[in-house]
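# A look at the structure
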Amino acid sequence: MKLVDKFTLWFLGITMIIIPINSVITYYSIKREIDRSAVERLKHVNVRVAEQIGKGQPPGEYTAGCRVLFAKTDTAFAADHYVITERDVTQDPLLNDNDRKIIVTSYHNIHDQYYRITSGDYVSRSEQILAGLRISIMWKLIILIALVVLTARVASRVVLTPFYGTIKKLQHFNLKAKKRLVLPETRTKEFKDLNLFVKKMTDKAVDDYSSLKEFSENASHELQTPLAIIRSKLELLSESDIQGDQAILIADMNNAVEKLTRINRSLILLSRLENNEYEATEEVPFDQYTKDALAAFCELIALKELTVKSNIEEPVCLRLHASLADILLNNLLSNAIRHNMPGGTIEVILNREFLMVKNTGKAPDGPIDDMFQRFKKGSQCNNSIGIGLSIVKQICDMNSFEIQYHYTSGLHILIVNFPPETDSSKLLQNDERYLHERIQL
Amino acid sequence: MKVLLIEDNEELASSISEFLGREGYICEVSYNITDAQDKLISFQYDCVLLDIMLPDGNGLQILSFLRTERIQSSVLILSAKNSLDDKIVGLEEGADDYLTKPFHLPELHARLRAIYRRKKLNGSNIIAFNEISLNIDTLEATVNGQLLDMTRKEFDLLLYFVVNKNRVLSRQSIAAHLWGDYTDNFANFDFVYQHVKNIRKKISAANGTDYIGTVYGLGYKFNTSKQ
């Protein structure tokens, strides 16, 4: 539910509660006011009647439009004593109307004689007031709801603009771009706080990320020279007069240095991929690359007694950096060879939609989702460093390819789906528009 | 062949100059750009081995220095930073080849020899040792004048052996030479063994001497003293 809908409902709910209460209050206050003014007027009439009597002129039955009765009385009351009675006169045959009558009786001392003066008047009945109120409340409600519903969206769009601006910026925020977030200015306190917080958080993330990256890049590069020293010294050592068991030690060291070198190079490659150093500038003939890669591996394939079936459609051109095309194919094929069994098969299918590499092999023993993570590898293979697939994944991610893996009936199946023929930049644009629509109201 | 090594790391520099010395190169070492520039003006070198990151600047400066001073030495860049840009810039600025640290010394030697061949021995594209003769243009190998039926990889490997005569070549170094840097496949060196076996078989079939021998635990060696 949208914020604006919540606010609207909340507001309408409050209105629903307030309007009955308010109308009760209005009803009673109007009624009281009417009664009060009627009583006030009648009191005035009584005083005037009393004055007339005092002057010796007997008042008529009607004074100032009110019916007045007066009689002598023995009862002594204070001069300002009034008795107010009200009654409904529905049953009054003369009036035959739903009116209410207010009667004010007062006592006056005129020439030492007490008089009781009674006057009465008709006022509007409460039901009539209520009926009037009901119509006005109805209209009030209708106008209120209509205006709230109609204007809430517009108002919220105006008021929440900075908020949506921040959200949009956040959605486009990419840590890897290492660009600090620039948020729209706002004068609303809450949004100011939000922007301040978001900015602080993302700036910190950007700083941490770039220092971490810098560290790992520097570490990888700094390792290269010591590795070169170790390797060269080992090579010189193996030229000298070496006994059998010393040779084994050197060979083991050579292996370890080799592995270290390879891990280091792969990590550097990964970080360079993340730095977008390999931007695709032109289309490469991927079918040719696939054939070349298969040819390069043919000796190894023969050695492992594997059968290769390939179905390569021509031409398949992809927007991909040439080095990455090589690395991608090398890693996929060498994986298919390594995780195979003697006498097994490899099937390579390439067309404009996808590249599929199928190979026989033992079922994976870890969870499939971990396969593309660095240094996660099946236990059956000790001589790999477990970074090949993560490089493949990274290459796919950088070029908006989609990679899938499954294992069915003894076959490892890796599929790289290429983006459809449409221009990739166009695709991005669509994506942006979609995003834009979604964050609009 | 006279080589100037510009490398700030003394241990690595000593390894390289020792190795190249054994191969009969005259190898002089500079640890910084200023010293290197002095040496380059005073003496003549066939090849410059150039590290990119040096204490007093970027090694690429040497390339422009060579151009302005009209020095005809070949340049092989040795860099720890195997970024694509450096490589492209280096080659565009006139370097002849680019090798990423950590490299194998026999690989360095093979690259140096290749540069030397390209620059100095204009036209001569035959590398010969006794009865073995390798044509690096046509990628044809002959033994006693008899053409061997070899794959590209086998030819490369034989060339690597002939260039690095009497050197122990580790399986790792051979694998890196044949398959490059980014192959995660070859901790299993069966295929190196297979290739070496094939070469030896083919040379023997052509009545050539089986120069290639196994060095226990370490790898292989092209042994010229074998008869």
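Residues numbered from 1 in each chain as written. Chains lettered and ligands numbered in written order. Predicted model: local features only at pLDDT ≥ 70, side-chain atom pairs only at ≥ 80, totals over all residues. Heavy atoms only, no water.

With that settled, the discussion passes to the overall build of chain A. Scanning chain A from N- to C-terminus turns up ten helices and twelve strands. Within chain A, the proportion of its 441 residues that are buried is 38%. A total accessible area of about 25,800 Å² is found for chain A, and carbon and sulfur atoms account for 58% of it. (Helix = DSSP H or I, 4+ residues; strand = E, 2+ residues; numbered from the N terminus. Buried < 20%, exposed > 50% of the residue type's maximum accessible area, 1.4 Å probe, protein only. Areas by Shrake-Rupley, 256 points an atom, 1.4 Å probe, with all protein chains shown as cover.)

The next point concerns the overall build of chain B. A count of helical and extended segments in chain B gives eight helices and 14 strands. Out of the 227 residues in chain B, the part that is buried amounts to 54%. Sequence separation of at least 24 residues holds for 58% of the intrachain contacts in chain B that already meet a minimum separation of 6. Entry remark: accessible area of chain B is about 9,600 Å², with carbon and sulfur atoms responsible for 45%. (Contact = heavy atoms within 4.5 Å.)

Our focus in this paragraph is the nonpolar core. All names here are of chain A. Counting 78 residues, the largest nonpolar core has Phe286 and Leu355 as the members making the most contacts within it. With nine residues, the top contributor of residues to this core is helix 8 (residues 322–338). Apart from the residues lying within four places of it in its own chain, the contact partners of Phe286 are Val316, Cys317, Leu318, Leu320, Ala325, Leu328, Leu329, Leu350, Leu355 and Phe418. (Core = buried A, V, L, I, M, F, W, Y, C linked by side-chain atoms within 4.5 Å.)

It is worth spelling out the interface of chain A and chain B at this point. Interface extent is often summarised as the accessible area lost during association of the parts. Taken residue by residue, the interface counts 45 residues in chain A and 45 residues in chain B. Interface area for chain A against chain B, summed over the two sides, is near 4,100 Å², with a carbon-plus-sulfur share of 55%. The interface formed by chain A and chain B holds one salt bridge in total. In this structure, Glu239(A) and Arg167(B) form a salt bridge, with 2.6 Å as the shortest nitrogen-oxygen distance. The tally of links between chain A and chain B comes to 15 residue pairs in polar contact (both at pLDDT 80 or more). For the side of chain A that touches chain B, the secondary-structure elements that each account for two or more residues are helix 4 (189–239), helix 5 (244–274), helix 7 (298–303) and helix 8 of chain A. Here the side of chain A that touches chain B gets 14 residues from one element, more than from any other, and that element is helix 5 of chain A. (Buried area = accessible area lost by both parts, 1.4 Å probe. Salt bridge = Lys/Arg side-chain N within 4 Å of Asp/Glu carboxyl O. Polar contact = N/O pair within 3.5 Å; in protein donor to acceptor, adjacent residues only side chain to side chain.)

Now for the pairing of strand 7 (residues 97–100) of chain B. Residue and element names in this part refer to chain B. Every second residue of strand 7 is oriented toward a common face, with Asp97 and Leu99 on one face and Tyr98 and Thr100 on the other, all of them buried. As defined by bridge partners, strand 6 (residues 74–79) adjoins strand 7 across four bridges and the pair is classed as parallel. Each bridged residue has a counterpart across the sheet, and for Ile77 the counterpart in strand 7 is Tyr98. (Pairing = 2+ DSSP bridges.)

Residues and elements named next belong to chain B. On the basis of which strands lie adjacent, the open sheet formed by four strands has the order 8-9-10-11 and antiparallel pairing. Looking at strand neighbours, the two that pair on one side only are strand 8 (126–129) and strand 11 (146–147), the edges of this open sheet. Pairing of strand 10 (residues 140–143) with strand 11 involves two bridges; the strand directions are antiparallel. Pairing of Val143 across the sheet is with Gln146, part of strand 11. Contacts between helix 6 (residues 152–163) and the sheet are confined to strand 8, strand 9 (132–135) and strand 10, with strand 9 contributing the most and set at about 120° to the helix. (Axes fitted to C-alpha atoms, helices over the stretch in contact; angles between N-to-C directions.)

We now examine the environment of Leu196(A). Assignment of secondary structure puts Leu196(A) in helix 4. Residues Leu196(A) and Leu183(A), 13 residues apart in the sequence, show an inter-C-alpha distance of 8.9 Å.

All names here are of chain B. Taken as a whole and judged by the stated rule, the model has 24 salt bridges over all chains. The salt bridge involving Asp51 is made with Lys101; its shortest N-O contact spans 3.4 Å. With Asp51 in strand 3 (residues 47–51) and Lys101 in the loop between strand 7 and helix 5 (105–120), this residue pair connects regions lying 50 residues apart in the sequence. According to the relative accessible area criterion, Asp51 is buried, its value standing at 3%. Classification of Lys101 as buried rests on a relative accessible area of 1%.

When two helices pack together, their arrangement is given by the angle between the helix axes and by the axis-to-axis distance. Residue and element names in this part refer to chain A. The contact between helix 8 and helix 9 (residues 388–398) brings their axes to 9 Å, and the two run at 140°. When the interaxial angle is binned, helix 8 and helix 9 end up oblique. Of the two possible hands of crossing, helix 8 and helix 9 adopt the one that is left-handed. Contacts from Leu324, Ile327, Leu328, Asn331, Leu332 and Asn335 of helix 8 reach helix 9 at Gly388, Leu389, Ile391, Val392, Ile395 and Cys396. Taken together, the residues of the contact of helix 8 with helix 9 break down into nine nonpolar, three polar and no charged. (Parallel < 35°, antiparallel > 145°, perpendicular 65-115°, else oblique. Left-handed = near helix turned anticlockwise from the far one by under 90°. Nonpolar A, V, L, I, M, F, W, Y, C, P; charged D, E, K, R; others polar.)

Averaged over every residue, the pLDDT of chain A is 80; the share at 70 or more is 86%. Here residues 423–441 of chain A is a poorly scored stretch, pLDDT under 50, and it has 15 contacts once near neighbours within four places are set aside; other chains count. (pLDDT = per-residue confidence, 0-100.)

Tallied over the full model, the rule gives eight aromatic pairs over all chains. Directly above the ring of Tyr45(B) sits Lys2(B), whose terminal nitrogen or CZ lies 5.1 Å from the centroid. (Phe/Tyr/Trp six-rings, centres within 6.5 Å; stacked < 30°, edge-to-face > 60°. Lys NZ or Arg CZ within 6 Å of the ring centre and 35° of its normal.)

Time to look at the pairing of strand 3 of chain B. Residue and element names in this part refer to chain B. Within strand 3, five of the five residues are buried, which leaves the element mostly enclosed by the surrounding structure. Burial along strand 3 is two-sided: the residues Cys47, Leu49 and Asp51 and Val48 and Leu50 are all buried. With four bridges joining them, strand 1 (residues 2–6) and strand 3 adopt parallel strand pairing. Opposite Ile6, over in strand 3, you have Leu50 as the bridge partner. Relative to strand 6, strand 3 runs parallel, the two being bridged by five bridges. Within strand 6, the position partnered with Leu50 by the bridge is Ile77.

Our focus in this paragraph is empty space enclosed by the protein. Following the criterion strictly, the structure yields two cavities of 30 Å³ or more and no others. Within this model, the second largest cavity holds a volume of roughly 40 Å³. If you trace the second largest cavity, you find it lined by Leu234(A), Glu235(A), Ser238(A), Asn254(A), Val168(B), Ser170(B) and Leu218(B). Taken together, the elements giving at least two residues each to the lining of the second largest cavity come down to helix 4 of chain A together with strand 12 (168–170) of chain B. Considering every element that reaches the lining of the second largest cavity, the biggest residue donor is helix 4 of chain A, with three residues. When grouped by side-chain class, the residues that make up the lining of the second largest cavity number three nonpolar, three polar and one charged. (1 Å grid on protein atoms, 1.4 Å probe; cavity = no way out; pocket = protein on both sides within 12 Å on 5 of 7 lines; lining within 4 Å. Points joined across faces, edges and corners; volume = space filled by probe spheres on them.)

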